[in-house]
Amino acid sequence: MLLTLFESHTHFFLSMFQKMILTKIISNTLSLHKKQLIEWLPAVRYFSSPTNPLVNVDVNDKSGIAVVTMNRKPVNGLSLELFEAMSKALDDLENNRIRGAILTSSCPTVFSAGLDLNELYQPDKKRFKAFWTTFQDVWLKLYGSSFPTAAAINGHAPAGGCFLAISCEYRVMCPDYKIGLNETRLGIIAPIFLRASMRNTVSNREAEKALTLGTLYSTEDALKIGLIDEIAIYKVKAIERCENFLAQFNNVSSIARSFTKRSLRQKDLEELENCREEDFNIFWSNLIEPSVQKQIGDYMQSLKKK
Ligand SMILES: CCCCCCCCCCCC/C=C/CC(=O)SCCNC(=O)CCNC(=O)[C@H](O)C(C)(C)COP(=O)(O)OP(=O)(O)OC[C@H]1O[C@@H](n2cnc3c(N)ncnc32)[C@H](O)[C@@H]1OP(=O)(O)O
């Protein structure tokens, strides 16, 4: 209530004085450090992002909504370089306090094929460490963003592709594609932060079923279990529906919204923050198991043979 009243006069700009008062009130309530808190204070500064060939960021000056497009052909395989570009884009969006972001893909039939299998097969430890750490960074920044997020899923979204979508707050998917966390089908255990995003999206029971079976859902079935929120006939419509979702926040205090989101996701974020090194070690030791390497190699071959 207090925040809503306060913000109604400061919707577009918060003076330093106002920020100081807000910092005091909210940090007392949520026991956050000042630096963390300032990062969560909304303001709007629209910007044009320097172009990176792997991730295009297009901010609509009028709405303040950014469309973030992954652009790594043919299937947006999540490589170290793509994660680095996404991590940088998320920093830019956060620093410029945009009003919302929509994640989508430039590939015509694939949102993202998940982790680039080349990163997992016969990996070099130093590169894999950088890869895994940046993967964690992207999740922490996307799942924990102060701005609202939506995914316009314009193609298949298996494994890491699904993970990106469920780290957002809303999902609109085009028909006739597949989405899901199929890691167990590849002999891979979904990491802690993937599991958290799934539990935050569908019921605990559905998450358990989906993760243990490694199910890839059709668009229609994904809607039935709540893995996506809407179906849109094609990409432009999916982006429009995401914009409509994000526009609803124009009538909501952005401070109250972002703190509420943060408090709901805080436990998951802290869980990973507190075990990043351990998370890496577990995955590294599993990944280099000869049986796992063989499975990944065979799987890559089967994809190429198609
Ligand atoms: C006790 C055991 C414990 C084990 C623990 C191990 C833990 C360590 C690792 C931890 C990892 C944890 C998380 C993992 C999550 C992941 O994301 S793994 C990746 C999973 N991804 C998939 O299964 C998707 C595979 N791809 C597809 O199903 C299809 O490509 C598609 C449906 C996305 C698209 O189909 P289509 O449009 O027909 O394209 P294709 O012809 O199949 O592909 C084109 C081209 O791209 C290559 N490719 C596809 N996917 C990937 C990929 N993920 N990475 C790299 N490359 C990929 C494909 O081979 C084709 O290449 P060519 O053109 O033939 O050269």
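Under an unreviewed UniProt entry, the name given to the chain is Enoyl-CoA delta isomerase 1, mitochondrial, and the organism recorded is Pseudolycoriella hygida. The Function (unreviewed entry) comment attached to the chain in UniProt states, word for word, "Key enzyme of fatty acid beta-oxidation. Able to isomerize both 3-cis (3Z) and 3-trans (3E) double bonds into the 2-trans (2E) form in a range of enoyl-CoA species, with a preference for (3Z)-enoyl-CoAs over (3E)-enoyl-CoAs. The catalytic efficiency of this enzyme is not affected by the fatty acyl chain length."

Draft legend 1. Structural detail: the sheet that holds strand S2 (residues 65-70). As summarised here, the arrangement of the six strands in space is S1-S2-S3-S4-S6-S9, forming an open sheet in which the pairing is mixed. Whereas interior strands pair on both sides, the edge strands pair on one side only; in this sheet they are strand S1 (55-59) and strand S9 (230-231).

Draft legend 2. Summary view of the site of the ligand. Taken together, 29 residues lie around the ligand, and Ala113, Gly114, Ala159, Gly160 and Asn286 are the ones closest in. Put simply, the parts of the chain that give the shell around the ligand at least two residues each are helix H5 (117-120), helix H13 (276-287) and helix H14 (290-305).

Draft legend 3. View of helix H8 (residues 192-199). Of the positions making up H8, those classed as buried are Phe193, Leu194, Ala196, Ser197 and Met198. Of the surrounding elements, those touching the buried residues of H8 are helix H6 (125-143), helix H7 (160-167), helix H9 (204-213) and helix H12 (254-273).

Draft legend 4. Spatial organisation of the nonpolar core. Within the largest apolar cluster, 73 residues are counted, with the highest numbers of intra-cluster contacts made by Ala150, Ile153, Ala165, Ile179 and Cys242. Among residues more than four places away in sequence, those in contact with Cys242 are Ile102, Ala150, Ala152, Tyr170 and Val172.

Draft legend 5. Structural view of the packing of H7 against H8. Direction vectors running N to C along H7 and H8 enclose 50°, while the axes themselves pass 9 Å from each other. One element, H7, and the other, H8, form an angle in the oblique class. Both H7 and H8 take part in a crossing whose hand is left-handed. On H8, the residues that touch Phe163, Ile166 and Ser167 of H7 are Leu194, Ser197 and Met198. Split into classes, the residues belonging to the contact of H7 with H8 amount to four nonpolar, two polar and no charged.

Draft legend 6. Fine view of the environment of Asp58. Considering the arrangement of structural elements, one finds Asp58 in strand S1. A C-alpha to C-alpha distance of 20 Å links Asp58 and Gln248, two positions 190 residues apart in sequence.

Draft legend 7. Up close: unusual backbone geometry. Note that the residue after Lys73, namely Pro74, is joined by a cis bond; omega there is 5°. Mapped onto the secondary structure, Pro74 falls in the loop between S2 and helix H4 (80-95). Here the phi dihedral of Gln122 falls at roughly 45°; this positive angle occurs in a residue that is not glycine. Under the C-beta neighbour-count criterion, Gln122 is labelled exposed, with 9 such atoms within 10 Å.

What counts, and at which threshold
- Residues numbered from 1 in each chain as written.
- Predicted model: local features only at pLDDT ≥ 70, side-chain atom pairs only at ≥ 80, totals over all residues.
- UniProt positions renumbered as here; feature names shortened; annotations may be inferred.
- Pairing = 2+ DSSP bridges.
- Helix = DSSP H or I, 4+ residues; strand = E, 2+ residues; numbered from the N terminus.
- Near = placed C-beta within 6 Å.
- Buried ≥ 20, exposed ≤ 12 C-beta atoms within 10 Å, placed from the backbone.
- Contact = placed C-beta atoms within 7 Å.
- Core = buried A, V, L, I, M, F, W, Y, C linked by C-beta atoms within 7 Å.
- Axes fitted to C-alpha atoms, helices over the stretch in contact; angles between N-to-C directions.
- Parallel < 35°, antiparallel > 145°, perpendicular 65-115°, else oblique.
- Left-handed = near helix turned anticlockwise from the far one by under 90°.
- Nonpolar A, V, L, I, M, F, W, Y, C, P; charged D, E, K, R; others polar.

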